[in-house]
Amino acid sequence: MRKILRFAGREYRAAVKTKGFIIGLLIAPLLMSGSVIAIILLKDRVDTTDRRIAIIDQTERMAPELLRRAELHNTYSVIDTATGEKVRPRYLFHVVETDTARSSDQYLRLSDSVRSGALYGFLVIDSNIVHPGADLDRAYVTYYARNTALDDLRNWISSQVNMHLRELRLQDAGVDRSAVEDLFVWMRVEGRGLLTRDAKTGDIDAGREATPVEAIIVPIGIMMIMLLMIMMSAPGMLHSVMEEKTQRIAEVLLGSIRPFEFMAGKIVGGIAVSLTTSAVYILGGIIAVTYLGYEEYIPFHVLPWFLVYMLLAVIMFGAMSAALGSTCSEAKDAQSLSFPTMLPAIFPMFVYLPVVKEPMSDFSTWISLIPPFTPLLMTLRMSTPESIPLWQPVVGLFGVLLCTLLFVWAGGRIFRVAILMQGTPPKFANILRWALRG
């Protein structure tokens, strides 16, 4: 044990004293949260070029109202009154006569105008939309543009068309809109957590309002920190072992320690590096969030589980990384094995959205109990506002512990055989045989 700890201390000092560790400690959170930061910085960066839209109105009742609403938009929403800057594009609609005999040719000419830049798009309003009846397929409003799937103007048109359709239907039914002033007032459905009773005072808590921060940002943030800890430790072990093997440093070290002590020292050093990094991020995050006044969103009850799961994950993936690193004799071999080694840690990123949306579903429960995925997904589920039954993280912990012991056992056998072998490329059949037979 003394040799393992001494070797682990050497690995820890070699890792944290480098400039790369300090730079990575500062840059990694920026890279992991880059999309969020970019959205915040670029949320006001919009294309303010005017949108010229042609309208083909077969009802002859919708176009005048769209022109009126577009004029209101251009008057009150385009220019920022505080700065005088143009912050949104103007919507410039004009009506085009309907060519009922050759509608396809007319749509093609308008499409060519969009391609040439003369128009931004064109809108076709079917004559049956006011009273479509039971056959909804015969009524349509179609918006043609270069990229309609992510077009804010399409959403604006949809809202205005449907608002005016309600007015027209009331008018045709002989109902005066002024008689029902609040007919078009929309009410927001407020989401709150379940009510609880204070065990000491007996008072009933009305439940906290649900927010995207608590439901999405906090769980995903906790999971991303754990993934960051794994990615900063396990791949480094693979390349470190490979370099020490190819440079014959391992041969010198194995003169004084056994192969398992060599691998164990690598893993313990990786754990120490992960604890240091996680302490910086967690404490820094708690201080920052508390300073901003959002301390109620900090999931303190999850932090002990986070640390335990993170340590086991680092041991699990670190053991396999060190073992696979011992099979590599060239840098290209290590590069080819890096992604397969980290794939079980990366896979939860592909399924986190349905899990965070429905943390109590059968899919979320069972996939979070698969040991290689448990550390990330179970922590993600526990960080949501849902109350996860205690048996699930406990069973998940035992599964991860057993899987970790299996990885350490198999990794030790692979490491013992492969660390001194030179010139043998890593093949799956050889790695499996070394793991089973030693």
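Since we're looking at a predicted model, the values are computed, not measured. (Residues numbered from 1 in each chain as written. Predicted model: local features only at pLDDT ≥ 70, side-chain atom pairs only at ≥ 80, totals over all residues. Heavy atoms only, no water.)

1. Some thoughts on the sheet that holds strand E3 (residues 121-125)
1) Next: Spatial strand order, E2-E1-E3-E4: four strands in an open sheet with mixed pairing. Both outer strands of the open sheet, strand E2 (91-95) and strand E4 (141-145), are each paired with one neighbouring strand and no more. Recorded for the sheet is a direction-independent mean angle of 20° between the axes of neighbouring strands.
2) Next: When E3 meets E4, the two strands line up antiparallel, connected through five bridges. Directly across from Leu123, in E4, lies its bridge partner Tyr143.
3) Next: Sheet strands touched by helix H4 (residues 63-76): strand E1 (51-57), E2 and E3. Its angle to E2, the strand with the most contacts, is close to 160°.
4) Next: The strands touched by helix H6 (residues 152-172) within the sheet are E1, E2, E3 and E4, with E2 carrying the most contacts at an inclination of about 60°. (Pairing = 2+ DSSP bridges. Helix = DSSP H or I, 4+ residues; strand = E, 2+ residues; numbered from the N terminus. Axes fitted to C-alpha atoms, helices over the stretch in contact; angles between N-to-C directions. Contact = heavy atoms within 4.5 Å.)

2. Some points on the side chain of Asp151
1) Next: Mapped onto the secondary structure, Asp151 falls in the loop between E4 and H6.
2) Next: At 2.8 Å, the side chain of Asp151 and the side chain of Tyr143 are in polar contact. (Polar contact = N/O pair within 3.5 Å; in protein donor to acceptor, adjacent residues only side chain to side chain.)

3. Structural notes on the side chain of Asp57
1) Next: Relative to the helices and strands, Asp57 is located in strand E1.
2) Next: Within the buried core, Asp57 has no salt-bridge partner, and the shortest N-O distance to an opposite charge, that of Arg61, equals 8.3 Å.
3) Next: Within the structure, the side chain of Asp57 is placed 3.3 Å from the backbone nitrogen of Glu60, a separation counted as a polar contact.
4) Next: Here Met62 takes part through its backbone nitrogen, which lies 3.0 Å from a polar atom of the side chain of Asp57.
5) Next: Residues within four places of Asp57 in sequence aside, it is in contact with Met62, Ala63, Pro64, Thr98 and Ile125. (Buried < 20%, exposed > 50% of the residue type's maximum accessible area, 1.4 Å probe, protein only. Lys, Arg positive; Asp, Glu negative; His and termini not counted. Salt bridge = Lys/Arg side-chain N within 4 Å of Asp/Glu carboxyl O.)

4. Some remarks on the confidence of the model for the chain
1) Next: Looking at the chain, pLDDT values average 81 and 88% of them are 70 or higher.
2) Next: Confidence, read as mean pLDDT per element, is least for helix H3 (residues 34-42) in the chain (61) and greatest for E2 (95). (pLDDT = per-residue confidence, 0-100.)

5. Some points on the pattern of salt bridges
1) Next: Tallying each qualifying case throughout the model produces nine salt bridges.
2) Next: A salt bridge links Arg68 to Glu65; the nearest nitrogen and oxygen atoms lie 2.5 Å apart. Placement of both Arg68 and Glu65 in helix H4 is noted, with a separation of three residues, approximately one turn of the helix.
3) Next: Here Arg68 falls in the partly exposed class, since its relative accessible area comes to 43%.
4) Next: Accessibility expressed as a relative area gives 13% for Glu65, which makes it buried.
5) Next: It is possible to trace a salt-bridge network through shared partners that takes in Glu65, Arg68, Arg69 and Glu167.

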